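Now for the letters of each chain:
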Protein chains: 2
Amino acid sequence: MSEHMVVQEVATRDGFQIEPVFVETAEKIRLIDALAAAGFSRIEVSSFVSPKAVPALSDAAEVFAGIARRPGTIYVALVPNPKGAERALQARVDEINLVASVSETHNRANMGMTPEASIEGFGRIMETVRGSGVSVNATVATAFGCPFEGDQPADKVLAQVERYRALGVDGVTLADTTGMANPRQVAGLVERVLPALGADRLTLHFHNTRGLGLANVLAAYQAGARRFDAALGGLGGCPFAPGATGNICTEDLVSMAHEMGLATGLDLDALLALARDLPRLVGHDVPGQVARAGRPSDLHPAPPLKAA
Amino acid sequence: MSEHMVVQEVATRDGFQIEPVFVETAEKIRLIDALAAAGFSRIEVSSFVSPKAVPALSDAAEVFAGIARRPGTIYVALVPNPKGAERALQARVDEINLVASVSETHNRANMGMTPEASIEGFGRIMETVRGSGVSVNATVATAFGCPFEGDQPADKVLAQVERYRALGVDGVTLADTTGMANPRQVAGLVERVLPALGADRLTLHFHNTRGLGLANVLAAYQAGARRFDAALGGLGGCPFAPGATGNICTEDLVSMAHEMGLATGLDLDALLALARDLPRLVGHDVPGQVARAGRPSDLHPAPPLKAA
């Protein structure tokens, strides 16, 4: 297996969507352009959802219109239904990310329909997208547990992955939507899903809700996964755990990868500078650790000697 | 390999030592007794260091005099030098934990002497302790990197472990004193140290300074390590990284272990209750995540259905 990791940046989507402040469109565009310049091959830019449901991302079309399209970067939009897909195509996204939960209760609460109805809608979206050159990724939300139903059987997750493959999607994401996964479970599910998909078409999406985000990345990497979602500064969160940390933190993940000798193609110094600017945009501290502590290689002057 | 993990609680030592407030002796005793009741087989209670250097732990003797000695719990004290060892023996500790850094610069800054001089002192301590029934653990500080010198060669770490073994210590701890370790490095060092020591005599001490604490635990566990230091609430810290998180968090570690099916002998609910009481003792929020977010199995009522 190649010693690399592909990190997809999701801060402007999964991070900003739960912020109570509206980050100005011009700031979003500036951040996304800076992220692309830092080397990301994939950025989840925004969501084409109801502006009433997610006011923080109501400017998705303006953001897509304003960003510089850096060659080598795939600009992704999350899309919940056929209407969102049409808006995304009009905005000239490179990739659409579809989402349905494996848990029926979660999908009903999140999308207002059964997972079955969501996936039927995805079939119509695939027809709309066909021939457009836009690629499609599909996410299995609550793949590692549902905050309402609890454990989700691996067989149900695999069945949903197979439904997605039958639709002809280009990639699949397994999402630990509310941070319930543990490393052993992650390794087991990745080992079952990877043979059919291949490492280039599987993304893992972890939250650090219970502090296990990077341990879960490690377990997934060891099981052969290579693609991971992460949010600058560790933005994001969980509506059921106020004050809990959010998505795994991009710069902490990239620091770990580089310390382990894994190539990411990313400029960590640039990411740290962007992460340190986030509190200005969102109005609060963010959970990322490396931006606070510095990289392990950032040495300190020796203090004056103590008497014995 | 057996599917278990031994967690040594260090909050009242490594956590309290850097707190600006003095936690009252009676509160320390109450907390240590409650930790023992929650099932810990090992608790690092305090430090017999200069009260001028660490005023927060100046009551070490009173704390040892006040705690109930629960059968099955080993009560440990950190000791930097022969004078501290005498005080520890008088206080009837079960185990002494000696510390010297592999980095000369760090040991000079921390202990006011070379590592060589520290280890010579350990020889005198071993003579004092012999026949007392008190066991001795010795810690290699900065084993995964020094904040002043940077990388420390694995051969130097191994040489220090061999010095400790030649002194006849009962156990060895490899400490990532300022949170510089990464999982690959951890696996490599554990694999080299474990054959001579065995899993019952090796402890790993990680800090979560850069968010990798539990990923490092996972890597060490996979490499065969079974004993880990952790601090309730993730107390502790790093003088070079203000605001950085501290030791790995006990209740987050125990939650991970239980979710992975590893036995710890610990009552997680009791730990969560104690962790939630820490802000009262130290006067600030603590970094632990599970105390905030709840256990993965703590389910939520389904919210009202949304319209599609």
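Thresholds, definitions, all that
Residues numbered from 1 in each chain as written. Chains lettered and ligands numbered in written order. Predicted model: local features only at pLDDT ≥ 70, side-chain atom pairs only at ≥ 80, totals over all residues. Heavy atoms only, no water. UniProt positions renumbered as here; feature names shortened; annotations may be inferred. Least-squares fit on C-alpha atoms with pLDDT ≥ 70 in both. Contact = heavy atoms within 4.5 Å. Phe/Tyr/Trp six-rings, centres within 6.5 Å; stacked < 30°, edge-to-face > 60°. Helix = DSSP H or I, 4+ residues; strand = E, 2+ residues; numbered from the N terminus. Buried < 20%, exposed > 50% of the residue type's maximum accessible area, 1.4 Å probe, protein only. Lys NZ or Arg CZ within 6 Å of the ring centre and 35° of its normal. Pairing = 2+ DSSP bridges. Axes fitted to C-alpha atoms, helices over the stretch in contact; angles between N-to-C directions. Buried area = accessible area lost by both parts, 1.4 Å probe. Salt bridge = Lys/Arg side-chain N within 4 Å of Asp/Glu carboxyl O. Polar contact = N/O pair within 3.5 Å; in protein donor to acceptor, adjacent residues only side chain to side chain. Nonpolar A, V, L, I, M, F, W, Y, C, P; charged D, E, K, R; others polar. Parallel < 35°, antiparallel > 145°, perpendicular 65-115°, else oblique. Left-handed = near helix turned anticlockwise from the far one by under 90°.

- Under an unreviewed UniProt entry, the name given to chain A is Hydroxymethylglutaryl-CoA lyase, and the source organism is Methylobacterium radiodurans.
- Reading the Sequence similarities (unreviewed entry) entry of the UniProt record for chain A gives the comment "Belongs to the HMG-CoA lyase family."

**Some thoughts on the relation of the copies chain A and chain B**
Now for step 1: With an RMSD of 0.0 Å, the operation that places chain A on chain B is a rotation of 180° combined with a shift of 0.0 Å along the axis. In the structure described here, the two chain copies are related by an operation that fits a two-fold rotation axis. Relative to the rotation axis, the C-alpha of A:A215 is the closest in chain A, positioned 1.9 Å from it.
Now for step 2: In this assembly the copies share their binding face: 100% of the residues contributing to the interface of chain A also contribute to that of chain B.

**Structural notes on the packing of aromatic side chains**
Now for step 1: Counted by the stated rule, this structure contains six aromatic pairs over all chains.
Now for step 2: Plain terms: the ring middles of B:F122 and B:Y164 are 6.1 Å apart, the flat faces sit at 45° to each other, and that makes the pair tilted. Highlighted residues: B:F122 in helix α6 (residues 115-129) and B:Y164 in helix α7 (residues 154-167), separated in sequence by 42 residues.
Now for step 3: Residue class for B:F122 comes out buried when judged on its relative accessible area of 0%.
Now for step 4: A residue is classified by how much of its surface remains accessible, and B:Y164, at 0% relative accessible area, is buried.
Now for step 5: Over the face of the ring belonging to A:F22 we find A:K28, whose NZ or CZ atom lies 4.1 Å from the ring centre.
Now for step 6: Above the plane of the ring of B:Y75 lies B:R69, whose end atom (NZ or CZ) is 5.9 Å from the centre.

**Quick look at the sheet that holds strand β6 (residues 171-175) of chain A**
Residue and element names in this part refer to chain A.
Now for step 1: Pairing within the closed barrel is parallel, and its eight strands lie in the order β1-β2-β3-β4-β5-β6-β7-β8. Direction aside, neighbouring strands of the sheet carry axes that sit 30° apart on average.
Now for step 2: When strand β3 (residues 74-79) meets strand β4 (residues 95-101), the two strands line up parallel, connected through four bridges. Its bridge partner lying in β4, V76 is registered against E95.

**Here's the deal with the interface of chain A and chain B**
Now for step 1: Listed as interface residues are 53 residues of chain A and, on the opposing side, 53 residues of chain B.
Now for step 2: Of the roughly 4300 Å² buried where chain A meets chain B, counting both sides, 61% is carbon and sulfur surface.
Now for step 3: On the chain A side of the contact with chain B, A:R184, A:R210 and A:H300 bury the most area, a combined 16% of that side's loss.
Now for step 4: Counting the contacts that link chain A with chain B gives two salt bridges.
Now for step 5: Here A:E3 and B:R184 are joined by a salt bridge, their closest N and O atoms 2.7 Å apart.
Now for step 6: Along the contact surface separating chain A from chain B lie 17 residue pairs in polar contact (both at pLDDT 80 or more).
Now for step 7: Elements with a minimum of two residues in the side of chain A that touches chain B: α5 (104-111), α8 (183-197), α9 (213-222), α10 (250-259) and α12 (290-293) of chain A.
Now for step 8: The greatest single-element share of the side of chain A that touches chain B, amounting to six residues, is contributed by α9(A).
Now for step 9: Partitioned by chemical class, the residues of the side of chain A that touches chain B number 29 nonpolar, 14 polar and ten charged.

**A look at the packing of helix α10 (residues 250-259) of chain B against helix α11 (residues 268-282) of chain B**
Residue and element names in this part refer to chain B.
Now for step 1: Direction vectors running N to C along α10 and α11 enclose 160°, while the axes themselves pass 10 Å from each other. The angle between α10 and α11 places the two elements in the roughly antiparallel class. In this structure, α10 crosses over α11, and the sense of that crossing is left-handed. Contacts between α10 and α11 involve T250, E251, V254, S255 and H258 from the former and L268, L271, L272 and A275 from the latter.
Now for step 2: Considered class by class, the residues forming the contact of α10 with α11 number five nonpolar, three polar and one charged.

**A short note on α9(A)**
Along an α-helix, residues three or four positions apart point the same way, because every turn accommodates 3.6 residues.
Residues and elements named next belong to chain A.
Now for step 1: With nine of ten residues buried, α9 is to be regarded as a mostly interior element.
Now for step 2: Regarding α9, the residues found buried are G213, L214, A215, N216, V217, L218, A219, A220 and Y221.
Now for step 3: With its phi angle positive at about 115°, G224 sits one or two positions after the end of α9.

**A word on the pairing of β6(A)**
Residue and element names in this part refer to chain A.
Now for step 1: Counting buried positions along β6 yields five of five residues, so the element is predominantly enclosed.
Now for step 2: Residues G171, T173 and A175 point to one face of β6 and V172 and L174 to the other, with burial holding for every one of them.
Now for step 3: With four bridges connecting them, strand β5 (residues 135-141) and β6 associate as parallel partners. Considered in β6, the bridge of A138 is made with V172.

**What about the sheet that holds strand β7 (residues 202-205) of chain B?**
Consider a sheet: its strands pair through backbone hydrogen bonds, and that pairing is either parallel or antiparallel.
All names here are of chain B.
Now for step 1: Reading around the circumference, β1-β2-β3-β4-β5-β6-β7-β8 is the order of the eight strands in this closed barrel, with parallel pairing throughout. Sheet twist, expressed as the average angle between the axes of neighbouring strands with direction ignored, equals 30°.
Now for step 2: When strand β6 (residues 171-175) meets β7, the two strands line up parallel, connected through four bridges. What sits directly across from T173, in β7, is T203.
Now for step 3: Helix α2 (residues 25-37) rests against β1 (6-9), β2 (42-47) and β3 (74-79) of the sheet, and its axis sits at about 165° to β2.

**Some remarks on the side chain of A:D176**
Now for step 1: Within the fold, A:D176 resides in the loop between β6 and α8.
Now for step 2: Once you skip the residues sitting within four places of it in the chain, A:D176 turns out to touch A:F144, A:A181, A:H205, A:F206, A:H207 and A:N216.

**Describing the pattern of salt bridges**
Residue and element names in this part refer to chain A.
Now for step 1: Enumeration over the complete set of coordinates arrives at 28 salt bridges over all chains.
Now for step 2: With its nearest N and O atoms 3.2 Å apart, the salt bridge here joins R163 to E116. One end of the pair, R163, is in helix α7 (residues 154-167); the other, E116, is in helix α6 (residues 115-129), with 47 residues separating them in the sequence.
Now for step 3: The exposure class of E116 is partly exposed, given its relative accessible area of 39%.
Now for step 4: What you see here is one network of salt bridges that share partners, running through E27, R30, D277 and R280.

**Describing α10(B)**
All names here are of chain B.
Now for step 1: For α10, the tally of buried residues reaches eight of ten residues, placing the bulk of the element in the interior.
Now for step 2: Taken residue by residue, α10 has T250, E251, D252, L253, V254, S255, M256 and A257 as its buried positions.
Now for step 3: Of the residues flanking the end of α10, it is G261, one or two places downstream, whose phi is positive at about 85°.

**Focus on unusual backbone geometry**
All names here are of chain A.
Now for step 1: The residue R92 is not glycine, and still its phi comes out positive at about 60°.
Now for step 2: Take R92: it is sitting in the loop between α4 (82-90) and β4.
Now for step 3: Classification of R92 by relative accessible area gives exposed; the value is 56%.
Now for step 4: Here T142, not a glycine, exhibits a phi torsion of approximately 55°, which is positive.
Now for step 5: By secondary structure assignment, the location of T142 is in the loop between β5 and α7.

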